[in-house]
Amino acid sequence: MIRKLQRKDVPTCHELQNQHHFHSDKGVWSLEKWYHLWEFLTDSWVYVDENDVVLGYMIGRIHHAEVLNGELAYNWMDTCVSDSLKGSNITHEMQMFIQETYPLVWGVIHVDNERMLKYCYKHGWEHLQDENGNFKTIKNYYSDGKDAFIVLVQLERWQSG
């Protein structure tokens, strides 16, 4: 089941991110930042089992995105699921939920995060492109100095993908 992120979920989400995230060696959020995210990013969600135990999360917010010329869109910021549950469709269920709830979704992905890039391509996500058709990237976005691709998906494309 998917429900809104609650204060009680913060320690589990922090632990999931530190143990199973692409950036688990550095660049993950502190527990203090997680409490800040819970308070201010109210469009964040968790996937829970029948006992209300958090198995994965999706952090984001809806706003008028400058990178999309001010269009109202869901800014997907982070997703993490325990490695023991990878391949169980939890990530896909959360993505489906987000994309059905918010018809336009965008986010950034580390240029070396092949697992997430492969997932996004498979499910209809595209690179945001500039006027010359080049992929838009944010230079030196991550703490390791690497760039981030800007990606987006619209409900119509995702349903056909």
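Predicted model only: the values in this text are computed from it and were never measured.

Cut-offs applied
Residues numbered from 1 in each chain as written. Predicted model: local features only at pLDDT ≥ 70, side-chain atom pairs only at ≥ 80, totals over all residues. Heavy atoms only, no water. Helix = DSSP H or I, 4+ residues; strand = E, 2+ residues; numbered from the N terminus. Expected span 1.5 Å × (residues − 1). Buried < 20%, exposed > 50% of the residue type's maximum accessible area, 1.4 Å probe, protein only. Pairing = 2+ DSSP bridges. Phe/Tyr/Trp six-rings, centres within 6.5 Å; stacked < 30°, edge-to-face > 60°. Core = buried A, V, L, I, M, F, W, Y, C linked by side-chain atoms within 4.5 Å. Contact = heavy atoms within 4.5 Å.

### Digging into unusual backbone geometry
Okay, so step 1: Not every positive phi belongs to a glycine, and D52 is a case in point at roughly 65°.
Okay, so step 2: Within the secondary structure, D52 sits in the loop between β2 (45-48) and β3 (54-65).
Okay, so step 3: Backbone geometry at N69 places phi at a positive 55°, although glycine is not the residue there.
Okay, so step 4: Examined against the element boundaries, N69 turns out to sit in the loop between β3 and β4 (71-81).

### Focus: helix α3 (residues 90-101)
Okay, so step 1: Taking 1.5 Å per residue, 12 residues should reach 16 Å; α3 reaches 16 Å between its end C-alpha atoms and fits that length.
Okay, so step 2: Buried within α3 are the following residues: I90, H92, M94, Q95, I98 and Q99.

### A closer look at the pairing of strand β8 (residues 148-154)
Okay, so step 1: For β8, a buried count of six out of seven residues is recorded, marking the element as mostly surrounded by other parts of the structure.
Okay, so step 2: Bridge analysis of strand β5 (residues 104-110) against β8 gives seven bridges, and the strand direction is antiparallel. What sits directly across from L104, in β8, is Q154.
Okay, so step 3: Relative to β8, strand β6 (residues 126-127) is paired through two bridges, and the arrangement is antiparallel.

### Focus on the packing of aromatic side chains
The relation between two aromatic rings is expressed through the spacing of the ring centres and the mutual angle of the planes.
Okay, so step 1: Taken as a whole, this structure holds seven aromatic pairs when the rule is applied.
Okay, so step 2: When the ring of W45 is compared with that of F97, the centres are 4.6 Å apart and the planes differ by 70°; the resulting orientation is edge-to-face. Pair noted here: W45 is in strand β2 and F97 is in helix α3, with a separation of 52 residues, a long-range link.
Okay, so step 3: Here W45 falls in the buried class, since its relative accessible area comes to 11%.

### Some thoughts on the nonpolar core
Okay, so step 1: Counting 21 residues, the largest nonpolar core has Y74, W76, I98, V105, I109, C120 and W125 as its most contacted members.
Okay, so step 2: The set of elements that each furnish at least two residues to this core consists of β2, β3, β4, α3, β5, α4 (114-122) and β8.
Okay, so step 3: Residue contributions to this core peak at four residues, all from α4.
Okay, so step 4: If near-sequence neighbours (up to four positions away) are discounted, I98 is found in contact with W45, M58, Y74 and V105.

Don't take any of this as a statement about function, it's just geometry.
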